[in-house]
Structures are given as structure tokens and as C-alpha cells.
Amino acid sequence: MVTIGFSYPRVAKYSAAGNRVTYSGGMALGRGVSVSLEVESASDNNFYADNRLAESETGVFTSGTATVTVDGLDNAAATLILGLPEPESVTVNEEPVQMQGYGDAMQPPYVGFGFVWATQQDGVISYYPVVYPKVKFGIPGEERNTKEDQIDWQTQELEAAVMRDDTTAHNWKRVSVTGFATEEEALAVVDEILSITEE
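Attention in this report is confined to the structure presented alongside it.

Thresholds, definitions, all that
- Residues numbered from 1 in each chain as written.
- Predicted model: local features only at pLDDT ≥ 70, side-chain atom pairs only at ≥ 80, totals over all residues.
- Heavy atoms only, no water.
- Helix = DSSP H or I, 4+ residues; strand = E, 2+ residues; numbered from the N terminus.
- Buried < 20%, exposed > 50% of the residue type's maximum accessible area, 1.4 Å probe, protein only.
- Contact = heavy atoms within 4.5 Å.
- Areas by Shrake-Rupley, 256 points an atom, 1.4 Å probe, with all protein chains shown as cover.
- Lys, Arg positive; Asp, Glu negative; His and termini not counted.
- Charge placed at Lys NZ, Arg CZ, Asp CG, Glu CD.
- 1 Å grid on protein atoms, 1.4 Å probe; cavity = no way out; pocket = protein on both sides within 12 Å on 5 of 7 lines; lining within 4 Å.
- Points joined across faces, edges and corners; volume = space filled by probe spheres on them.
- Nonpolar A, V, L, I, M, F, W, Y, C, P; charged D, E, K, R; others polar.
- Core = buried A, V, L, I, M, F, W, Y, C linked by side-chain atoms within 4.5 Å.
- Polar contact = N/O pair within 3.5 Å; in protein donor to acceptor, adjacent residues only side chain to side chain.
- Phe/Tyr/Trp six-rings, centres within 6.5 Å; stacked < 30°, edge-to-face > 60°.
- Lys NZ or Arg CZ within 6 Å of the ring centre and 35° of its normal.

With that out of the way, let us pick up the overall build of the protein chain. In terms of regular secondary structure, the protein chain is built from 2 helices and 12 strands. If you list the helices and strands of the protein chain from N to C, you get β-β-β-β-β-β-α-β-β-β-β-β-β-α. Each of the three principal axes of the protein chain carries a C-alpha extent, and together these read 85 × 45 × 35 Å. Counting all 199 residues of the protein chain, 29% fall into the buried class. Taking the contacts inside the protein chain whose residues are at least 6 apart along the sequence as the reference set, 67% of them involve residues at least 24 apart. Taken as a whole, the protein chain presents about 12,800 Å² of accessible surface, with 46% of it coming from carbon and sulfur. A distance of 6 Å separates the average location of the 12 positive side-chain charges in the protein chain from that of its 30 negative side-chain charges.

Here it is in C-alpha cells:
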């Protein structure tokens, strides 16, 4: 099957008590543009006997880096994934203006990250819910260009460390075995896993 789409990135705050994982405060991360994952794994462990390869243990997942591009982060999503403090009020012309601080008070939390993956095979389009159960987003860079004759669409690129969750399975990714006929059905699974009840 061929990938034809990525949509509806979601995030929710991750917490674990023993091997029980829960999520809270979930929301849309932004409108999805692209996502990629680089995986690091331990080397294969090969055993040789009688002058040939006799046994092999495949390397296992050790860590990963997800690169997520969205149309842009609003303050609520940035606050969630970067652990931003409460905004401070500045008075301008006798009117309060809320200013978000990015400084020592930032404490990026672990979050769950999910999205809908679209595929096509033999003319049939399917939608799969995908969840990385435990990630931590890094502080993103910024680039802004001045407006010219035509709009230069500018997006936000985010990087997140992907790790195993604290369940007994130690999952680093979850994806449905079969696809759904609609994005809405796949998104409902993502929202269920991340305990997102409303936009």
C-alpha cells in the first residue's frame, strides 16, 4: 500500500503510575503537513557455528526521532508540548495584553502523539490511526519571512524524542491492523487512546 496522506496530529499529556499509562488535556497540535520517524535500534546479535551464521537475534528499538510539520502552533498547543508557564499581563494604553514567556519556567512534559495515516491500494483508500505513546518535544526553531506579492506559506517544524511507554508491553508505536473507510473513524481511535473528548 502507498502512503497518500497525513492528517489530524494530536497530543495529550502523558502520565504513568507503575505500568498504567493515562493521558489528559489532549488537543490538536495544528493542521498536519508531514511527519517522519527515524529509528535507532541495537545491532543484530549474530552467533556463528560450523563456519556459518547459525543464529541471529534482530536488533530492538532503542530510540527514535519524529519530525512533525504543522501549519503552526497556537498558544494552547505550545503550552502543552513545551510546558510553558502561565502568561503574564502587560498593560498597554490601559489595556491588558497577555504575553507568553519562554524561559527558565519551561518544563516540556512527556506527551502522547497521534495522527491519521492515509493509504491507497488497488484504488481503495484506507485510514489508519497511529499513536506514538510517549514522546518529548524539543524547543522548535523559528523562521519568518516578510510578505511579498504572493503569500509564502510558512510552516512549523517540530522534533520529538520517541521512546517506549511504561506499560508492560513497552510500546513505542501503536497502529491499527486494518484501515478504516473514513478519516473520522480513524481519528476517533486516536482520540480514544489519548483520552481526547472534545476539540
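That shown, we press on.
Bringing the layout of surface pockets into the picture now. A volume near 330 Å³ is recorded for the largest pocket. Looking at the largest pocket, it is lined by 18 residues, and the ones nearest its centre are Leu 73, Gly 141, Glu 142, Arg 144 and Gln 156. Elements that contribute at least two residues to the lining of the largest pocket include exactly helix H1 (75-82) and strand E11 (156-163). Take the lining of the largest pocket: its biggest share by element is 3 residues, from H1. Its residues assigned to classes, the lining of the largest pocket shows 6 nonpolar, 6 polar and 6 charged. Of the pockets and cavities examined, the second largest pocket occupies roughly 180 Å³.

What follows deals with the side chain of Thr 69. Summarising the element assignment, Thr 69 is placed in strand E6 (residues 61-70). Once you skip the residues sitting within four places of it in the chain, Thr 69 turns out to touch Phe 6, Arg 31, Gly 32, Val 33, Ser 34, Thr 155, Gln 156 and Glu 157.

This part covers the nonpolar core. Leu 29, Val 68, Phe 113, Tyr 132, Val 135 and Phe 137 are the most contacted members of the largest nonpolar core, which totals 24 residues. If you list the elements that add at least two residues to this core, you get strand E1 (2-17), E6, H1, strand E9 (111-121), strand E10 (124-137) and E11. Among the elements that line this core, the one with the most residues is H1, at 5 residues. Beyond its immediate sequence surroundings of up to four residues, Phe 137 is in contact with Val 11, Leu 29, Val 68, Ile 81, Pro 108, Val 111, Phe 113, Leu 158, Glu 159 and Ala 160. Ranked by size, the runner-up nonpolar core spans 7 residues in total, among them Ala 12, Val 131, Val 190 and Ile 196.

This part covers unusual backbone geometry. Of note in this structure, Tyr 8 is not a glycine but carries a positive phi near 55°. Within the secondary structure, Tyr 8 sits in strand E1. Judged by relative accessible area, Tyr 8 falls into the partly exposed class, the value being 34%. Positive phi is not limited to glycine here, since His 170 has a value of about 55°. Mapped onto the secondary structure, His 170 falls in the loop between E11 and strand E12 (174-175).

Let us now look at H1. Those residues of H1 not exposed but buried are Ala 77, Ala 78, Leu 80, Ile 81 and Leu 82. The N-terminus of H1 is capped by Asp 74, whose side-chain oxygen sits 3.2 Å from the backbone nitrogen of Ala 76. Of the residues trailing H1, Gly 83 is marked for its positive phi of about 65°.

Applying the stated criterion to the full structure yields 9 aromatic pairs. Ring centres 6.5 Å apart and planes at 75° place the aromatic pair Tyr 14 and Tyr 110 in the edge-to-face group. Separated by 96 residues along the polypeptide, Tyr 14 in strand E1 and Tyr 110 in the loop between strand E8 (95-99) and E9 bring together distant segments of the chain. For Tyr 14, a relative accessible area of 8% corresponds to the buried category. We classify Tyr 110 as partly exposed; its relative accessible area is 35%. Put simply, the rings of Phe 6, Phe 113, Phe 115, Tyr 132 and Phe 137 touch in pairs and so form one group of aromatic residues. Over the face of the ring belonging to Tyr 110 we find Lys 136, whose NZ or CZ atom lies 4.5 Å from the ring centre.

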